[in-house]
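Chain residues, written in single-letter form:
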Number of protein chains: 2
Amino acid sequence: MSRIRVHNLNTSLDGFSAGRTVTFDEPIGGASALFAAFDGRVIEGVHNTDEPVTADRAFYSLWGQGIGAEIMGRRKFGPQTGPWTDDEWVGWWGDAPPFRTPVVVMTHHERPPIHFDNGTSFHFVGGSPAEVLGVARDLAGDDDIRLGGGPSTVRQFLADDLVDFMHLVVSPIVLGGGVSIWDGNADLQDRFTVESVTTGSGLTHQFWNRLA
Amino acid sequence: MSRIRVHNLNTSLDGFSAGRTVTFDEPIGGASALFAAFDGRVIEGVHNTDEPVTADRAFYSLWGQGIGAEIMGRRKFGPQTGPWTDDEWVGWWGDAPPFRTPVVVMTHHERPPIHFDNGTSFHFVGGSPAEVLGVARDLAGDDDIRLGGGPSTVRQFLADDLVDFMHLVVSPIVLGGGVSIWDGNADLQDRFTVESVTTGSGLTHQFWNRLA
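Predicted, not measured: the structure shown is a model, and the values here were computed from it. (Residues numbered from 1 in each chain as written. Chains lettered and ligands numbered in written order. Predicted model: local features only at pLDDT ≥ 70, side-chain atom pairs only at ≥ 80, totals over all residues. Heavy atoms only, no water.)

K.L.:
Any chance you could explain helix H4 (residues 151-159) of chain B here in plain terms?
P.N.:
Along an α-helix, a turn takes 3.6 residues, which lines up residues three or four apart on a common side. All names here are of chain B. Of the positions making up H4, those classed as buried are Pro 151, Thr 153, Val 154, Phe 157 and Leu 158. Along the axis of H4, the buried residues cluster in a sector spanning 155°; they form a single face. The first or second residue beyond H4 is Asp 161, which carries a positive phi of 55°. (Buried < 20%, exposed > 50% of the residue type's maximum accessible area, 1.4 Å probe, protein only. Helix = DSSP H or I, 4+ residues; strand = E, 2+ residues; numbered from the N terminus. Arc of directions from axis to C-beta.)

K.L.:
Sorry if this is basic, but what is going on with the relation of the copies chain B and chain A here?
P.N.:
One chain copy maps onto the other through a rotation about an axis and a shift parallel to that axis. Note on the identical chains: chain B maps onto chain A by a rotation of 180° and an axial translation of 0.0 Å, with an RMSD of 0.0 Å. Accordingly, the operation relating the two chain copies is best matched by a two-fold axis. Interface overlap between copies: 100% of the residues of chain B at the interface are likewise at the interface in chain A, consistent with a symmetric, same-surface contact. (Least-squares fit on C-alpha atoms with pLDDT ≥ 70 in both. Contact = heavy atoms within 4.5 Å.)

K.L.:
How should I be thinking about the sheet that holds strand E7 (residues 165-170) of chain A in this particular structure?
P.N.:
Adjacent strands of a sheet pair through backbone hydrogen bonds, lying either parallel or antiparallel. Residue and element names in this part refer to chain A. Reading across from one edge, E4-E5-E3-E2-E6-E1-E7-E9-E8 is the order of the 9 strands in this open sheet, with mixed pairing throughout. Each edge of the sheet is formed by a strand with only one pairing partner; in this case those strands are strand E4 (114-115) and strand E8 (192-198). In this structure, strand E3 (residues 102-106) lies alongside strand E5 (residues 121-125), joined through 5 bridges in parallel fashion. Following the sheet pairing, Pro 102 is matched in E5 by Ser 121. Most of the contacts of helix H3 (residues 129-140) go to strand E2 (residues 67-73), to which it runs at about 150°, and overall it touches strand E1 (4-11), E2, E3, E5 and strand E6 (144-147). (Pairing = 2+ DSSP bridges. Axes fitted to C-alpha atoms, helices over the stretch in contact; angles between N-to-C directions.)

K.L.:
What's the story with the interface of chain B and chain A in this structure? I'm lost.
P.N.:
Reports of interface size often rely on the accessible area that becomes lost once the parts have come together. Taken residue by residue, the interface counts 28 residues in chain B and 28 residues in chain A. Taken together, the two surfaces of chain B and chain A that pack against each other cover about 2100 Å², and 56% of this comes from carbon and sulfur. Considering only the side of chain B, the residues that lose the most area to chain A are Arg 3, Val 53 and Gln 65 of chain B, jointly responsible for 27% of the buried surface there. For the pair chain B and chain A, the interface holds 0 salt bridges. Joining chain B to chain A, the criterion identifies 20 residue pairs in polar contact (both at pLDDT 80 or more). (Buried area = accessible area lost by both parts, 1.4 Å probe. Salt bridge = Lys/Arg side-chain N within 4 Å of Asp/Glu carboxyl O. Polar contact = N/O pair within 3.5 Å; in protein donor to acceptor, adjacent residues only side chain to side chain.)

K.L.:
Explain the sheet that holds strand E8 (residues 192-198) of chain B to me, please; I cannot follow it from the model alone.
P.N.:
All names here are of chain B. Spatially, 9 strands are ordered E4-E5-E3-E2-E6-E1-E7-E9-E8 in an open sheet, and the strand pairing comes out mixed. The open sheet terminates on both sides in strands that have one partner only, identified here as strand E4 (114-115) and E8. Across the sheet, helix H3 (residues 129-140) is in contact with strand E1 (4-11), strand E2 (67-73), strand E3 (102-106), strand E5 (121-125) and strand E6 (144-147); its angle to E2 comes to roughly 150°.

K.L.:
How should I be thinking about the UniProt feature "domain: Bacterial bifunctional deaminase-reductase C-terminal" (unreviewed entry) in chain A in this particular structure?
P.N.:
Mapped onto the present numbering, the UniProt feature "domain: Bacterial bifunctional deaminase-reductase C-terminal" (unreviewed entry) falls at residues 9-198 of chain A. In residues 9-198 of chain A, helix accounts for 16% and strand for 21%; the two terminal C-alpha atoms are 15 Å from one another. (UniProt positions renumbered as here; feature names shortened; annotations may be inferred.)

K.L.:
I tried to follow H3 of chain B on my own but got confused; where do I start?
P.N.:
Residues and elements named next belong to chain B. In this model, H3 (12 residues) spans 16 Å end to end at C-alpha, consistent with the 16 Å of a helix rising 1.5 Å per residue. Among the residues of H3, those classed as buried are Pro 129, Val 132, Leu 133, Ala 136 and Ala 140. When H3 is viewed along its axis, its buried side chains cluster within an angular range of 100° and face the same direction. In H3, the exposed residues that point more than 90 degrees away from the buried face are Glu 131 and Asp 138. Lining the buried residues of H3 we find E1, E2, E3, E5, E6 and H4. (Expected span 1.5 Å × (residues − 1).)

Here it is, written out as structure tokens:
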């Protein structure tokens, strides 16, 4: 059975994983400090940069391993709300999005799929987390599914007990406000084993694996 | 410039990475306790097992990222010494060796290359570490080269300053004797940065990156 996995989810010490308002200028909603240490070049392998191979980069590189599809919230795809009025918007990532698999964008507003030459495609799907997951499973085949965020989306899937694995990166910063995956998920630790590892950069990486 | 990388090199607290004598029955020379925690299923990705995604498995999965060729000592390929008398021996790994790239076996005794359907091929090459590395670079193209061991081979390449990266796994065991990568490599730390991370299993993972 394929797993549903969360990777490289950054959180502050006060529990926030994004700012409150996503705009074109601030895709993380003003919480970009969370990503200060994140090296996005290595999500598909530590060989994609000449920088030193560190524990942080090793953990980031789990992102693409055995993934057949991603699920993301509409807010990760773009800052718009309501019905689509601008079909020119095809995400933040230009003409070669890094996903290289089908991506299911959660939205109640229909829109035709978008296909890119590098294997990435965006599919706009409404429904509950379980219903969206069913669509993603069909697209992923036997491979795992990455739950790509943002934090509101991860929070919903955690509440519905649909997450098998989560790589959480606790950054030693205080944001003071924003979006949290923990709201409504008290006692989440009862459903998972949690391993914590602190690296030379001061980040704490946590590996949450759902109990069998 | 591609890098030459060592991965998943296990060592005991007293500095040994293999036993002294490799036989058909004991490929690690009686030091198999070093590999007790090693999960070889994940060398090409943590999705290759249903076991929990741990920090140990994350680090092991660096093994194949961006690798175009491996270099190994003759002892890793088989327990024989001297001229090849048995061309039936094609390594320890059966008909689908895990490498999936060209592999250069260091030996002064010539033998025709061996090719497998899964992309693995063995090439038997004599000469100094630098000379063998030249052959491996040609085979690897723009990709990195994995220095696959055993420890005697790694020791030689370290002494000749040919290693760019080394992932060392320090296991909390005492072997009492064997083969060490440290012999003749005093003050090795002066040529590298070293990050140490301890995981929930009790292993310490070290990331040695050569100073630029």
